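Structural description and commentary
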Amino acid sequence: FFVKQTAMSMQGKPRAEAMAQSQVPLNRCAELFSISLLVKDFAAAVEKLPASSIKSSLTKLVQLFGLYWLQQHSGAVVESEAIKPNQLVLLRELVLELCAQIRPEAVALVDAFGISDFILNSTLGVYDGDVYNKTLEHVTKLYPRTDLPPKYWEREIKPLTNPQHHK
């Protein structure tokens, strides 16, 4: 749809002008084609797997991946009339349903890609399961508090803590 639309907008114009005016639409075509190719190849690779719980999990992941990108480009999908605007609600519901189905398998799926927590920079998959303390420790390292209490405390906050202030 978008390739045809872009080609039609370029017709009848000198080549240099047509190319200059079509950079954004051509980029959009390339992006949408790349996404569709990724989804298609991912689905084809999963389809070749023998039946197993891993194939079932990856099938859900492929579906989520495809639906996520449809959602991200919902304007283009509606513009091309591939779906109707009122179907966007169904799309959102499908994404949420797949997320709920995949959630129990999420750590195993991420681990299956072999990407370390260090590279992910994530405290959610820590080896000892102590997510909350690790997250607090991580945030404290990123944003150390050196000015406790903050400089504005006396002037702005302390007066609000006085019971007389609220009367």
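Since the structure is predicted, the reported quantities are computational estimates derived from the model, not experimental observations. (Residues numbered from 1 in each chain as written. Predicted model: local features only at pLDDT ≥ 70, side-chain atom pairs only at ≥ 80, totals over all residues. Heavy atoms only, no water.)

A word on the overall build of the protein. Scanning the protein from terminus to terminus reveals 10 helices and 0 strands. Order of helices (α) and strands (β) in the protein, N terminus to C terminus: α-α-α-α-α-α-α-α-α-α. Across the 167 residues in the protein, those meeting the buried criterion constitute 17%. For the protein, restricting intrachain contacts to residue pairs at least 6 apart in sequence, the fraction spanning at least 24 positions comes to 47%. (Helix = DSSP H or I, 4+ residues; strand = E, 2+ residues; numbered from the N terminus. Buried < 20%, exposed > 50% of the residue type's maximum accessible area, 1.4 Å probe, protein only. Contact = heavy atoms within 4.5 Å.)

Compared with an ideal rise of 1.5 Å per residue, which puts 20 residues at 28 Å, helix H4 (residues 53–72) spans 28 Å between its outermost C-alpha atoms and is within 8% of the ideal. Residues of H4 that are buried: Lys 55, Ser 57, Leu 58, Lys 60, Leu 61, Val 62, Leu 64, Gly 66 and Leu 67. You can read the cap of H4 off the contacts: a side-chain oxygen lies 3.3 Å from the backbone nitrogen of Ile 54, and it is on Ser 52. (Expected span 1.5 Å × (residues − 1). Polar contact = N/O pair within 3.5 Å; in protein donor to acceptor, adjacent residues only side chain to side chain.)

With that settled, consider unusual backbone geometry. Phi angles above zero are rare outside glycine, and Glu 81 is one such case at about 65°. With respect to the helices, strands and loops of the structure, Glu 81 is situated in the loop between helix H5 (74–79) and helix H6 (88–102).

What follows is about the environment of Leu 61. Its place among the elements puts Leu 61 in helix H4. Each C-alpha atom, one on Leu 61 and one on Cys 29, is 25 Å from the other, the two residues being 32 residues apart in sequence. Those residues within four positions of Leu 61 in sequence are excluded, and the remaining contacts are Phe 42, Ile 102, Leu 109 and Phe 113.

Moving on to the layout of surface pockets. If you add up the space inside the largest pocket, you get close to 320 Å³. Lining the largest pocket are 17 residues, and of these Leu 32, Phe 33, Ser 36, Leu 70 and Val 77 lie nearest its centre. Looking at the lining of the largest pocket, the elements that each hand over two or more residues are helix H1 (2–10), helix H3 (23–47), H4 and H5. In the lining of the largest pocket, the residues fall into 13 nonpolar, 4 polar and no charged. (1 Å grid on protein atoms, 1.4 Å probe; cavity = no way out; pocket = protein on both sides within 12 Å on 5 of 7 lines; lining within 4 Å. Points joined across faces, edges and corners; volume = space filled by probe spheres on them. Nonpolar A, V, L, I, M, F, W, Y, C, P; charged D, E, K, R; others polar.)

Time to look at the nonpolar core. Within soluble globular proteins, side chains that are nonpolar tend to cluster in buried spots. Within the largest apolar cluster, 11 residues are counted, these being Val 46, Leu 58, Leu 61, Val 62, Leu 64, Leu 67, Leu 91, Val 95, Leu 98, Ile 102 and Leu 109. Of all elements in the fold, only H4 and H6 reach the threshold of two or more residues within this core. Element by element, the count of residues in this core is highest for H4, at 5 residues. Among residues more than four places away in sequence, those in contact with Leu 64 are Val 95, Leu 98, Cys 99 and Ile 102. (Core = buried A, V, L, I, M, F, W, Y, C linked by side-chain atoms within 4.5 Å.)

Taken by themselves, the reported measurements are silent on function.
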